[in-house]
Amino acid sequence: MSFLNKLMTAVFAFSIMTANFAFAAQDGSSFEEELNERDFDALREYLRSRRALDIDASTSSLTISGNVRTEWRHLNETCKGQRLRGPGGDRKKIPVSRDDFDIEFNLRFDYICGNTWSVAQVRYDNSAGVDDNDHPCFPSKDFNPKDCCGKQAVQCFGDPEGYHGSGSCDDLCLKKAFFGYELYSCGDSSFYFELGRRGQLYDVFDSNVQFLSRFDGLLLKYESSWESIADWYIQAAGLVVDERVNHFAWVTEIGFLNIADSGIDFKYSLIDWEKNGINRCYARNPAGFRFINSQFTSYYHLNPEWIGKKARIYGAFLVNHAANQMRIQNHHKYKNIAWYVAALIGEVRKEGDWSFEVQYQVVQAQAIPDGDISGISRGNVLKESFTSCARRGHGNFKGWRFEGLYAFTDHLILDTILEWSQAEDANIGGQHSYSKFEMEAIYSF
């Protein structure tokens, strides 16, 4: 089959699948959707290995891969002693359940030709359920009973006993669309660029607590090896933050891998989010982007012969150099630090494989921009912002995360996550607690 025929077949198959999948969430802001969709190390490595096998086995320049997922999450969240999920909420608003069910579909195209390549990935993430009848539960705020008659009556008085459901079928998300070109290659050294939508920042730069933001921009990377010293790389990127006010962010990272054959990796990254001038709301030098973050990350890979499995211990320390002092109980303090420690044992590649990871994370209130936090977070079902008067956003938390992965077959795996957090400083925004238990079945192809 010719390349064109394969491409047309893939597009046709995708058009059929897109008629049946969609993007929605019970309580999902775009931030919550991105945070929930982030796959951590063991799962990302498994999916990457499945895709690598397909590419190696393919006789064509085009490789098509993807996965289908069904997910259940059980969440709890309280703020200042008030339960924010489950029964007992505000009866004037649609309730937010402790249980969340999602159906997700990912489709990816990889095309490689000589020293050029391109990647495209699309994702749907749907809330499970039947379609809603689209009639409001409650009366319109400014309704006048005298004006209500016929078809308009349901809009005025509401339809609380109607056929309501959480499912939907719309909104395609273009997760990745970029191309790359290798400018230089000699021995162990290479220099290349990639341009377009690269996915999220964490797809390129290393962190378990930041880099959730979308990466639309340019990446430059040089990688090489110093014999008996280390494999190393340096990369730099510019990305669009807000095109309406010419706001861009800049990030760089340097890494040294397997230093002196010791199993130790070290990485340093720096990202500058600052907006000098007005934003789209005419705020000058807005606090929401007052961040210049350094992160120091280190890994130690244990010898597999010691415990019979691959394992690593790692951690990171982050500081925001641009933070101003906050007034907290008549004192001025910086809350601009984040750090985490973690351990991962096992590797999932085929049927019967398993892995388990544990993490402890601390993210202070001024450490990371609200929309870029990629760690445990704090639920934030009310969708509050740290820069609002409430002083409650996605940061200011400390907590634990446990994740286990098991492969029932080469293609079917189960991902189980347990995490919880509480306020790192209850004097900022009040006491807060959050927990989540999640089970996700994933079939990859």
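Details of the structure are given in the entry above.
Everything in this summary refers to the structure shown in the same document. These numbers were taken from a predicted model, which means no experiment stands behind them.

## A word on the overall build of the protein chain
A count of helices and strands for the protein chain gives five helices and 19 strands. For the protein chain, the computed accessible surface area is about 22,500 Å², with 56% contributed by carbon and sulfur atoms.

## Examining the packing of aromatic side chains
Under the counting rule described, the total for this entry stands at 20 aromatic pairs. With a centroid separation of 6.3 Å and 55° between ring planes, the pair formed by Tyr181 and Phe193 is classed as tilted. One end of the pair, Tyr181, is in strand 5 (residues 173-186); the other, Phe193, is in strand 6 (residues 189-200), and twelve residues separate them in sequence. According to the relative accessible area criterion, Phe193 is buried, its value standing at 19%. Taking the ring centre of Tyr233 as reference, the NZ or CZ of Lys221 above it sits at 4.8 Å.

## Observations concerning the nonpolar core
In terms of nonpolar packing, the biggest core is built from 33 residues, with Leu201, Phe205, Phe215, Val251 and Ile368 touching the most fellow members. Of all the elements in the fold, those that place two or more residues in this core are helix 2 (30-37), strand 7 (214-226), strand 8 (230-242), strand 9 (247-257), strand 12 (311-320) and strand 15 (337-346). Excluding residues that lie within four positions of it along the chain, Val251 makes contacts with Leu201, Phe205, Phe211, Gln235, Ala236, Ala237, Leu239, Leu270 and Ile271. Counting ten residues, the second-largest nonpolar core is a separate cluster that includes Tyr46, Val348, Ala407 and Ile442.

Procedures and definitions
Sequence order as written defines the numbering, with residues in each chain counted from 1. For a predicted model such as this one, the threshold for reporting local features is a pLDDT of at least 70, and the threshold for listing and counting side-chain atom pairs is 80 or more; totals across whole chains, interfaces and linings nevertheless cover every residue. As a rule here, side-chain values cover all heavy atoms of the structure and leave hydrogens and water aside. For the purposes of this entry, the term helix denotes a DSSP run of H or I that reaches at least four residues, the term strand denotes a run of E that reaches at least two, and both are numbered from the N terminus. Note on areas: Shrake-Rupley, 1.4 Å probe, and residue coverage restricted to the protein chains presented here. Stacked, tilted and edge-to-face are the three classes assigned to paired rings of Phe, Tyr and Trp, where Trp is represented by its six-membered ring and a pair needs centres within 6.5 Å; plane angles under 30 degrees give stacked, over 60 edge-to-face, the rest tilted. Each residue gets one of three labels from its accessible area relative to the maximum for its type: buried under 20%, exposed over 50%, partly exposed in between, using a 1.4 Å probe on protein chains only. Charge over a ring is defined by NZ of Lys or CZ of Arg lying within 6 Å of the ring centre and within 35 degrees of the ring normal. Residues grouped as a nonpolar core are buried Ala, Val, Leu, Ile, Met, Phe, Trp, Tyr and Cys residues, joined through side-chain atoms within 4.5 Å. Two residues form a contact once any of their heavy atoms are found within 4.5 Å.

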